[in-house]
2 protein chains.
Amino acid sequence: MADQTVAIGVLVSGNGSNFQAIVDALENGRITDGRIACLISNKADAYALERARKHNIPAIVLDHKGYPNRTAYDQALVALLKEHGVQLVVLAGFMRLLSPLMVEAFPHAIMNIHPALLPAFPGLDAQQQALEYGVRYSGCTVHFVDIGTDTGPVILQAVVPILAGDTVESLSQRIHGEEYRIYPEAVRLFCANRLRVEGRRVHISTAPSDNP
Amino acid sequence: MADQTVAIGVLVSGNGSNFQAIVDALENGRITDGRIACLISNKADAYALERARKHNIPAIVLDHKGYPNRTAYDQALVALLKEHGVQLVVLAGFMRLLSPLMVEAFPHAIMNIHPALLPAFPGLDAQQQALEYGVRYSGCTVHFVDIGTDTGPVILQAVVPILAGDTVESLSQRIHGEEYRIYPEAVRLFCANRLRVEGRRVHISTAPSDNP
């Protein structure tokens, strides 16, 4: 009998703590309809590779240095993901912009997490942007990836307060706590086929749509 | 003995429900260091005028139609506010852009409330912008007014969830509930001399700074 669970490919460049949170949610049974088909890093020294090996997840290095341009790299990336049967791509600290080629290969099936309440503070250094603006709340956003930078349809968000004396580090840590909660939750909803994208809005069905 | 409380001038164009929330906070003793010196409306039929009269607050109509341009109107507005000894200007649904002249006459002493978590969704129809973007949380922001549109230093914010099936009306109502809470609170902090602006960040002292 074929495996009916959703095959997830995770892309990383470094530590992979969000990857770990998703692995944990799979292992403790919170996510029941998914499995990680492969972890791909563009850096050979990413600690996430070690995490993957510990959990018997295929850990692959695809170094961007071997490719002449972004499109060539992304072609190899898409081929590798398809080869592993990946249906959902999860960006977990993957420090590269994706080409339209990648986005088109996985329509509404690439997720990213951003450490701010999008559309506020897109791009790099979101926590520092928030502190400099002087907002009272920030948070994180799981969204589907589209062609823009941090512009895709929002799946889940979580809010954290900004406290007097906060630094980039203390705020980042507070936001991380919420990331580890909502990223696995977004993956869980996707795997349970409970996310439906309509325009740029993501509807979450209250019951599994395959069991109406 | 001179009145030591902060003289507040409120500017409105319509219903004035945020004005009412501030009046209530003054009357029930939540704000102890302020008083409303005058309410000014640019529209003769604003319901807020009636509210003011009920509370024996000077209610003044300053119709913009009588003035050739924004600067001329704002000159009259500044003169009227100064005449009433106003130290803090509170915009409560005042549907006019302020000229630099107004902003310079009351540096860091004009407050506005915006129905979104700025810097997200500035300008008009903030609730509709939030719904169309598909965010999971929105809210409101009390900020000092500067030359830009909804760009001034943030004083307080409050967060509300966006629920499945929300309309502009249902979301606006939920945000209003928070507006009536944080706008009086921001006025209270100002009157107690607990707000300090540094660059574009607003620091809130934990104890009244006049009682160290």
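Residues numbered from 1 in each chain as written. Chains lettered and ligands numbered in written order. Predicted model: local features only at pLDDT ≥ 70, side-chain atom pairs only at ≥ 80, totals over all residues. Heavy atoms only, no water.

The subject of this paragraph is the overall build of chain A. Helix and strand counts for chain A stand at six helices and nine strands. The C-alpha radius of gyration computed for chain A amounts to 17 Å, which stays within 12% of the reference 17 Å derived for 212 residues, consistent with globular compactness. A buried classification covers 53% of the 212 residues belonging to chain A. Within chain A, contacts between residues separated by at least 24 positions form 62% of all contacts whose residues are at least 6 apart in sequence. Working note: accessible area of chain A is about 9,600 Å², and carbon and sulfur atoms make up 51% of it. (Helix = DSSP H or I, 4+ residues; strand = E, 2+ residues; numbered from the N terminus. Rg over C-alpha atoms; globule rule 2.2 N^0.38 Å. Buried < 20%, exposed > 50% of the residue type's maximum accessible area, 1.4 Å probe, protein only. Contact = heavy atoms within 4.5 Å. Areas by Shrake-Rupley, 256 points an atom, 1.4 Å probe, with all protein chains shown as cover.)

Before going further, it helps to examine the packing of aromatic side chains. Taken as a whole and assessed by the stated rule, the structure comprises six aromatic pairs over all chains. Positioned above the aromatic ring of tyrosine 133 of chain A is the side chain of arginine 200 of chain B, whose terminal nitrogen or guanidinium carbon lies 3.7 Å from the ring centre. (Phe/Tyr/Trp six-rings, centres within 6.5 Å; stacked < 30°, edge-to-face > 60°. Lys NZ or Arg CZ within 6 Å of the ring centre and 35° of its normal.)

Attention shifts here to the domain arrangement of chain A. Residue and element names in this part refer to chain A. Taken domain by domain, chain A holds domain 1 (1-106) and domain 2 (112-212). For domain 1 versus domain 2, the separation of C-alpha centres amounts to 19 Å. For the domain 1 face of the interface with domain 2, the top three residues by lost area are Asn18, Arg30 and Leu91, together amounting to 34%. There are one salt bridge connecting domain 1 and domain 2. Among the salt bridges present, the one from glutamate 185 reaches arginine 30, with a minimum N-O distance of 3.0 Å. Summed over the shared surface of domain 1 and domain 2, the number is four residue pairs in polar contact (both at pLDDT 80 or more). Looking at the side of domain 1 that touches domain 2, the elements that each hand over two or more residues are strand S1 (6-12), helix H1 (17-27), strand S4 (88-91) and helix H4 (100-105). A per-element tally of the side of domain 1 that touches domain 2 places H1 first, with five residues. In terms of residue class, the side of domain 1 that touches domain 2 is made up of 13 nonpolar, four polar and two charged. (Domains from an automatic or database assignment. Buried area = accessible area lost by both parts, 1.4 Å probe. Salt bridge = Lys/Arg side-chain N within 4 Å of Asp/Glu carboxyl O. Polar contact = N/O pair within 3.5 Å; in protein donor to acceptor, adjacent residues only side chain to side chain. Nonpolar A, V, L, I, M, F, W, Y, C, P; charged D, E, K, R; others polar.)

All right, on to the relation of the copies chain A and chain B then. Both copies of the chain are related through a single rotation about an axis accompanied by a shift along the same axis. Here chain A sits on chain B after a turn of 180 degrees about the axis and a move of 0.0 Å along it, with an RMSD of 0.0 Å. Interpreted geometrically, this transformation is the action of a two-fold axis. Considering only C-alpha atoms, the part of chain A nearest the rotation axis is alanine 120 of chain A, at 2.6 Å. Looking at chain A, 100% of its interface residues are interface residues in chain B too, so the copies touch through the same face. (Least-squares fit on C-alpha atoms with pLDDT ≥ 70 in both.)

We now examine the interface of chain A and chain B. In this complex, chain A contributes 24 residues to the contact, which on the side of chain B involves 24 residues. Carbon and sulfur atoms make up 54% of the area that chain A and chain B hide from each other, which totals about 2,000 Å². It is Pro119, Tyr133 and Arg136 of chain A that lose the most area in chain A upon contact with chain B, and together they represent 34% of the buried surface on that side. Our count for the chain A to chain B interface comes out at zero salt bridges.

Now for the sheet that holds strand S7 (residues 154-161) of chain A. All names here are of chain A. Across the sheet, seven strands lie side by side as S3-S2-S1-S4-S5-S6-S7; this open sheet has mixed pairing. The open sheet terminates on both sides in strands that have one partner only, identified here as strand S3 (59-61) and S7. Within this sheet the neighbouring strands show an average axis-to-axis angle of 20 degrees, counted without direction. In this sheet, strand S5 (residues 110-114) lies alongside S4 in parallel orientation, the contact comprising two bridges. What sits directly across from valine 90, in S5, is methionine 111. Contacts from helix H6 (residues 168-191) reach S1, strand S2 (34-41), S4, S5, strand S6 (137-144) and S7, with the element oriented near 155 degrees to S7. (Pairing = 2+ DSSP bridges. Axes fitted to C-alpha atoms, helices over the stretch in contact; angles between N-to-C directions.)

All names here are of chain B. Two elements in contact, helix H1 (residues 17-27) and helix H6 (residues 168-191), have axes whose closest approach is 9 Å; the angle formed by their N-to-C orientations is 55 degrees. By the criterion of interaxial angle, the relationship of H1 to H6 is oblique. The interaxial crossing formed by H1 with H6 has right-handed handedness. Residues Ser17, Asn18, Ala21, Ile22 and Ala25 of H1 lie in contact with H6, whose contacting residues are Glu179, Tyr180, Tyr183, Pro184 and Val187. Taken together, the residues of the contact of H1 with H6 sort by class into seven nonpolar, two polar and one charged. (Parallel < 35°, antiparallel > 145°, perpendicular 65-115°, else oblique. Left-handed = near helix turned anticlockwise from the far one by under 90°.)

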